[in-house]
Amino acid sequence: MHKLAYALALAFALPGQAAINALQLGAQQGIKLDGKLDDAAWQTTQRYDTFYEHTPRDKRPAEQPTAMRIAYDKQYLYVALEAIDPKPQEVREPFSRRDKVLGDQDFFVFYLDPAGDGKAAQFFRVNPRGAVGDGMFTDTGGEDFSPDYDFEAAASRTDTGWTAELRIPFSALAYNGGSKDWKVMVLRSLTRGDRYRLTSGEAPGDTNCFLCYSMPLTGMTPPQQAMNWSITPQILASRAEKTHANGSKTHKNEVDLAVDIKLRPRPDWVLDLTLNPDFSQVELDAPVLAGNSRFAVFLPEKRPFFLEGADLLQGPTRAIHSRAITDPAWGARATWRGESADATVLTTRDDGGGLVVVPGAYGNGYAQQSFKSQATIARGSLRLGSAQLGGVFTDRSLEHGRGYNRVVGGDLAWQVDDTTRVRTQLLASQTTALYDSAADALMRGDKRDGHSFYADINNRTAAWSLYAQVRDIGRDFRADNGFITQTGVRSFYSEMNLIFEHAGAWRETNPYLNTEYVEDREGEKVFSTLRPGLFLAGPYDSFYNLEWRPNQQTRLEAGGPLLKRDYVHLFADGAPSKLLNRLTATVQLGDQIDYENSRVGKGGYVSLFARMRLHERLEVEQVLDKVWVDGGPVTKERAYSELAYQWNSIWHFTARDTARFIWQHAKVERNPLAYTGAVNRDDTRNTWSLVYTHQQGLGKAVYVGATLADNRDDGGKRKQNELFVKGSWTL
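Please read all numbers here as calculations on a predicted model, not as lab measurements. (Residues numbered from 1 in each chain as written. Predicted model: local features only at pLDDT ≥ 70, side-chain atom pairs only at ≥ 80, totals over all residues. Heavy atoms only, no water.)

Glancing now at unusual backbone geometry. Cis geometry marks the peptide bond from Thr55 to Pro56; its omega dihedral reads 0 degrees. The backbone phi angle of Asp99 is positive, close to 70 degrees, even though this residue is not glycine. Looking at where Asp99 falls in the secondary structure, it is placed in the loop between β6 (76-84) and β7 (107-113). Located in the positive-phi region is Asp440, a residue other than glycine, with phi close to 50 degrees. Looking at where Asp440 falls in the secondary structure, it is placed in the loop between β26 (420-436) and β27 (441-460). (Helix = DSSP H or I, 4+ residues; strand = E, 2+ residues; numbered from the N terminus.)

This is the structure:
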């Protein structure tokens, strides 16, 4: 068995890289965390300064001098970062919230892979102001900012640029005490007319295995940590008032206490327990267009309890999505990270109150979650060089014997070489909690079995990029602890790109062709499209897509007609200036489907995102989405329009104190002449939120806020106002 594992590891070996040596600090040596690199210890630490340009031109020495140093003691890992800039006055150094250190700023990212296998890495960001971001990075999922780690950072401006220091407790790292070298990667990002990304490893811009170019961290023996723990009590006090459509009012005063407990008996084990958790979200979900669609909208997880080991729950499909658990009364979780394997198990008591997605081939429905249930999720993975094997099990058992939904399966991710990656997953489900339309709820019924098969391949070189994906999902497949909205279909999707690089500001011109075909289990077409397009990469970190989407066909129900669409699709994204540091636009013009009336009319879709820095202490983000369609054969007047808008602004009084104001506006308008039945002509919703935050540290915060909301439609006007105080303190 050991010989087989060794042979497989050799077959899936990763490319070798240069190493960096870490200095072990002596008892009398210390590093003051001030962002300055003037400590005596740094002067005797290896200075690694061989950096490469990753974008916009890859595989050549970086023109902007960059360096790093690494040291450690019994408690902390220290990282020193140095950025030399030919125009230091152009360094972008705004105040930023945690996890909002983004491409509009100068920043460093330190990737740390304790397993040393190039599959996943914890990352730590810092900008010249000392603002931080952190999370998990995988080549398949990219950067996930959900996890937060207890680390510190400081930065300092210099005459030639800026420097920074990171102090990362070993207790914040998940590692096994094996013999493998840890691996690290540093990325420096700066925007100067274009966005430059410099890396400590010679990672090609077209690689789909970025972490393969991490470098071994030598000279370090990770300490064997004793058990450490933390307890975070939380309190939420609120007063809410509701005004109903008939003018009556109701009031509700609440004081809720909760506690989160985290135990780390060894560096590779983390145990989490939460009791009466406060899952209220200080950060609101952005409004989305959902009225003129067939499938539910995916929303990311933001609740702290579910974020430990969030990367381990990722797979080729969304068979696991913790937001399906709506209102836990308690939860427990164990996470283990080994030298060549990882595992996590989570179980919660869900008091319900939300909706359960009931998937189908032509759209999904919903069932009221008017029940309590036990939700359990388990996932593990085994790494063999550049291959990773995974397994998953989920169970949702409803109270009072009302049935269950269970999913079990496995998956494979294999980095064949630097240019090719293959993934596949096979799942089986068993369900007795079936949808009863009369009760609009899940009720126990005869057992139904389902399956889900997924496979994709991605091949990218300097000259082309090819991607293909196949799915086969049985009509009775369900994943109630996940987010699977379409079942009973077979599908094929592909992307084919030719890459032409240029020496000028317009550095790429790539024609491409995307195709997709979906059919139901009887072989009837559900959807098909053939989309030729052109991709452009230009100055100011800009990207453009121009697509012609002719004869796109959609069937809305079994046996129904195929609805044909012809329209153009335009996308633009860039970083124009320090003031307007991100602007993204999507525009579709031509035929639009009116899903409510099962017909096609002329219309369009527009999505705009803008991030502005009107002052170094002020962040402003705006999102606007709008869709509209006329009445087609019934009337040329507009039949339906929907608008969703969000203004999000944050003022930084200090690095710890902020005030955030959000305004959300959503509006749906329908023309009764375009409908056969009675409809709401106007549905308007507004939400205003003002929150003051004092962040003493990770897990130590006070929030004071107010939220006002109103909803107006043909049935009248409803309001809801709330005042709240929320506090947490980690012991």
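Following the sequence through the fold, Arg57 ends up in the loop between β3 (52-55) and β4 (60-61). Comment: no salt bridge for buried Arg57; closest opposite-charge side chain is Glu501, at 5.1 Å. Those residues in contact with Arg57 that lie beyond four places of it in its chain are His502, Ala503, Gly504 and Arg507. (Buried < 20%, exposed > 50% of the residue type's maximum accessible area, 1.4 Å probe, protein only. Lys, Arg positive; Asp, Glu negative; His and termini not counted. Salt bridge = Lys/Arg side-chain N within 4 Å of Asp/Glu carboxyl O. Contact = heavy atoms within 4.5 Å.)

Another point: the pattern of salt bridges. Evaluated as defined, the whole model comprises 46 salt bridges. Glu399 is the salt-bridge partner of Arg349, the closest N and O atoms lying 4.0 Å from each other. With Arg349 in strand β20 (residues 341-350) and Glu399 in the loop between β24 (387-398) and β25 (404-415), this pair connects stretches of sequence that are 50 residues apart.

If you look at the biggest cluster of nonpolar residues, it comprises 36 residues, and the most contacted ones within it are Leu77, Phe110, Leu166 and Val184. When contributions to this core are tallied by element, the ones reaching two or more residues are β5 (66-72), β6, β7, β8 (120-126), β9 (132-138), β12 (161-169), β13 (182-191) and β15 (215-218). Setting aside chain neighbours within four positions, we find Val184 in contact with Ile20, Met68, Ile70, Phe110, Tyr111, Leu112, Ser214, Met215 and Leu217. (Core = buried A, V, L, I, M, F, W, Y, C linked by side-chain atoms within 4.5 Å.)

Here we take up the confidence of the model for the protein chain. Overall, the predicted model of the protein chain reaches an average pLDDT of 88, with 94% of residues at or above 70. Least confident of the elements in the protein chain is helix α1 (residues 2-11), whose mean pLDDT is 42; most confident is strand β29 (residues 489-498), at 97. Considering only residues more than four positions removed or in separate chains, one finds that residues 1-14, a stretch of pLDDT under 50, has 14 contacts. (pLDDT = per-residue confidence, 0-100.)

Across all of its chains, the model carries one disulfide by this definition. Residue pairing for Cys209: its cysteine sulfur links by disulfide to Cys212, the two sulfurs lying 1.7 Å apart. Classification of the bridge connecting Cys209 and Cys212 rests on its S-S torsion, roughly 60 degrees, and on that basis the disulfide is right-handed. Both residues of the pair, Cys209 and Cys212, count as buried. (Disulfide = S-S within 2.5 Å.)

As defined by bridge partners, strand β33 (residues 562-574) adjoins strand β34 (residues 580-594) across eight bridges and the pair is classed as antiparallel. Within β34, the position partnered with Leu570 by the bridge is Val587. The antiparallel hairpin formed by β33 and β34 contains five residues in its connecting segment. Joining the antiparallel neighbours β34 and strand β35 (residues 599-615) is a turn of four residues, in which Ser598 adopts a positive phi near 55 degrees. (Pairing = 2+ DSSP bridges.)

Okay, the sheet that holds β12 next. The strands making up a sheet associate through hydrogen bonds between their backbones, and the pairing can be parallel or antiparallel. Judged by pairing direction, the sheet is mixed, and its five strands sit side by side in the order β2-β5-β6-β12-β11 without closing on themselves. Each of the sheet's edge strands pairs with one partner strand only, and the pair in question is β2 (23-24) and β11 (152-158). Bridge analysis of β2 against β5 gives two bridges, and the strand direction is parallel. Residue pairing across strands places Gln24 opposite Tyr72, the latter belonging to β5.

Within the element layout of this structure, Asp436 appears in strand β26. Residue class for Asp436 comes out partly exposed when judged on its relative accessible area of 31%. In the structure, Asp436 is positioned 69 residues away from Ala367 in sequence and 8.4 Å away in space, judged by C-alpha atoms. Look past the residues within four positions of Asp436 in its chain and what remains in contact with it is Ala441 and Met443.

Turning next to empty space enclosed by the protein. For the structure on display, the rule yields one cavity of 30 Å³ or more. Lining the largest cavity are Leu313, Gln314, Gly315, Thr317, Ala319, Ile320, Arg379, Val392 and Gln425. Counted by class, the lining of the largest cavity contains four nonpolar, four polar and one charged residues. (1 Å grid on protein atoms, 1.4 Å probe; cavity = no way out; pocket = protein on both sides within 12 Å on 5 of 7 lines; lining within 4 Å. Points joined across faces, edges and corners; volume = space filled by probe spheres on them. Nonpolar A, V, L, I, M, F, W, Y, C, P; charged D, E, K, R; others polar.)

The subject of this paragraph is the pairing of strand β30 (residues 508-520). Within a regular strand, side chains alternate between the sheet's two faces. Across nine bridges, the pairing between β29 and β30 is antiparallel. Residue pairing for β30: Ser494 is matched across the bridge by Thr515. The sheet contact formed by β30 and strand β31 (residues 525-538) spans 12 bridges and is antiparallel. Note that in β31 the partner of Pro511 across the bridge is Leu534. Joining the antiparallel neighbours β30 and β31 is a turn of four residues, in which Gly523 adopts a positive phi near 85 degrees.

Going through the model one piece at a time under the given rule, you end up with 17 aromatic pairs. An aromatic cluster of three or more residues is present, and its members are Tyr111, Phe123, Phe137, Phe145 and Phe210. Of note, Arg565 hangs over the ring of Tyr567, and the distance from its end group to the ring centre comes to 4.0 Å. Of note, Lys700 hangs over the ring of Trp729, and the distance from its end group to the ring centre comes to 5.0 Å. (Phe/Tyr/Trp six-rings, centres within 6.5 Å; stacked < 30°, edge-to-face > 60°. Lys NZ or Arg CZ within 6 Å of the ring centre and 35° of its normal.)

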